[in-house]
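Structural features, examined
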Amino acid sequence: MEPAVPMSASPVSTLEREPVELRVRRLAAARRRATALLAAVTALFMAVTAAGADGTLLGYVQAGAEAAMVGGVADWFAVTALFRHPLGLPIPHTALIVERKDQFAATLGQFVQENFLNADVLVERIRSARLVSRLAAWLADQANAARFAGYAAGLVVTVAEALRDEDVQRVLTAELTRAVDAVDVAPVAGRALRVVIAGGHHADLFNMIVSGADRYLGDHYTELRQLFAGEAPRWVPDAVYRRVFDRLYTRLRERLVAMAADPGDETRRQFDAWLAGLPDRLETDPELRERGESLKRDVLGSTLLRDWSSELWQKAKDALRTQAADPESELRQRLADVLAAAGRRLGSDQRLADGLDRMIESGVRALVDHFHDELAGLVTGTIERWDAAETSNQLELLLGRDLQYIRINGTVVGAGVGLILHAVVLALG
């Protein structure tokens, strides 16, 4: 993994952190300095002119002050004309930012489109960044893969939480209904039963049925006796029907126990024979097929399926939430292993890495070709919606200090030019 290169704070980020009040104070101070210098050379010019500039030295001072004054005023006019009308006079080609904001927006949008949203430029930047190789090296580190797996798991949970439960339940129910509706119940049950018989599990099935019947009798003795009493003739004494019921009840449970214990029991053989022929009937008998379809329709039309899909989604969300929160969970461990393996594969398989590079470049080209007009229009439209005066003020706060130094430089350069010109005039005269 490539070491990170320390970077100094950029001027843009420094400006963003700089309070507006501080920018206003610094601009005012810079403006006062430039204006004070202009006032000083103006006062010097007026003093020398009033005193008379007959001497050679005073002539140089007067020429230098005069040229400095002209240079300072010219630069003041130029700087002021960028942001507002000088002295409030509507002089043509002044207040340029206010007057030409929309043209500036269009020009900037075109500039961004041609120089930043250009497919060749972006692809070249992507190639020089070596994204795939750096990603491969980063993911190959197990700690990085585990960290990324945590972010990915958290993102999955966030997406799951953002989904409306009703919508997910409706989709799950629809998909389950579609899947179940496409299946013929009876033939599928017949094939499943063949598997049970082929595996020798039909004996267990018989024992399960018999044991279930025996448990039912044991759990419902009182209920069954009352039912039997209700069906008995009124002229039969209570002691008689109770004795008859107990005898039948006991014999029936003994018979069930004997059936379960005897592999050669006749009832068991009859059940095996009936069960052996049932798969063929389920697969071929139209009546059984129709019964299966009717049962399926009843299940699909009931609230059972909707309740089950809702419970399924809630359990899935709970499991995702728990797995995503635990760094040692199976979900995050497996995801980290997959990511680390993908990083190692990308780092060792140059053909795969080159293919991914080409895929990224093709995707960037497609996005730029499709959206570069919209993105350029976003830049243009955003600037056009800005208030012109506020835009001018903000730009002046951003650039004003440097422009005030231009005024100072113009005053100083003007003085130097004035001295040179005065010297040339004296030399030629």
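Being a predicted model, the structure only gives us computed values, none of them experimental.

Here's the deal with the packing of aromatic side chains
Tallied over the entire structure, the rule returns one aromatic pair. Ring centres of Trp 138 and Phe 148 lie 6.3 Å apart, and the angle between their planes is 90°; on these two criteria the pair is classed as edge-to-face. Of this pair, Trp 138 sits in helix H7 (residues 131–140) while Phe 148 sits in helix H8 (residues 142–162), and the two are ten residues apart along the sequence. Given a relative accessible area of 37%, Phe 148 falls into the partly exposed group.

Points about the packing of helix H3 (residues 56–83) against helix H19 (residues 388–428)
Viewed as axis vectors pointing N to C, H3 and H19 meet at an angle of 155°, and their least axial separation amounts to 6 Å. Between H3 and H19, the angle falls in the class roughly antiparallel. Our pair here, H3 against H19, has a crossing hand that is right-handed. A class-by-class count of the residues in the contact of H3 with H19 yields 15 nonpolar, twelve polar and three charged.

Digging into unusual backbone geometry
Across residues other than glycine, the phi torsion is negative in most instances, and most of the peptide bonds are trans. Notably, Leu 87 is not glycine yet its phi reads approximately 60°, a positive angle. Tracing the backbone shows Leu 87 in the loop between H3 and helix H4 (96–99). The phi angle at Arg 130 is positive, at roughly 50°, despite the residue not being glycine. Mapped onto the secondary structure, Arg 130 falls in the loop between helix H6 (119–129) and H7.

Brief notes about the pattern of salt bridges
Overall, the coordinates contain 13 salt bridges when judged by the stated rule. Between Glu 161 and Arg 321 there is a salt bridge, with the nearest N and O atoms lying 2.5 Å from each other. Separated by 160 residues along the polypeptide, Glu 161 in helix H8 and Arg 321 in helix H16 (residues 303–325) bring together distant segments of the chain. With a relative accessible area of 39%, Glu 161 lands in the partly exposed category. With a shortest N-O distance of 2.8 Å, Arg 334 and Glu 330 are connected by a salt bridge. Here Glu 330 and Arg 334 lie together in helix H17 (residues 330–348), a separation of four residues that amounts to about one turn. Each member of the salt-bridge network shares a partner with another, and the members are Arg 164, Glu 166, Asp 167 and Arg 170.

Section: the environment of Arg 100
Residue placement: Arg 100 occurs in the loop between H4 and helix H5 (101–115). When the C-alpha positions of Arg 100 and Ala 388 are compared, they lie 8.9 Å apart, and in sequence the two are 288 residues distant.

The rules we used
Residues numbered from 1 in each chain as written. Predicted model: local features only at pLDDT ≥ 70, side-chain atom pairs only at ≥ 80, totals over all residues. Heavy atoms only, no water. Phe/Tyr/Trp six-rings, centres within 6.5 Å; stacked < 30°, edge-to-face > 60°. Helix = DSSP H or I, 4+ residues; strand = E, 2+ residues; numbered from the N terminus. Buried < 20%, exposed > 50% of the residue type's maximum accessible area, 1.4 Å probe, protein only. Axes fitted to C-alpha atoms, helices over the stretch in contact; angles between N-to-C directions. Parallel < 35°, antiparallel > 145°, perpendicular 65-115°, else oblique. Left-handed = near helix turned anticlockwise from the far one by under 90°. Nonpolar A, V, L, I, M, F, W, Y, C, P; charged D, E, K, R; others polar. Salt bridge = Lys/Arg side-chain N within 4 Å of Asp/Glu carboxyl O.

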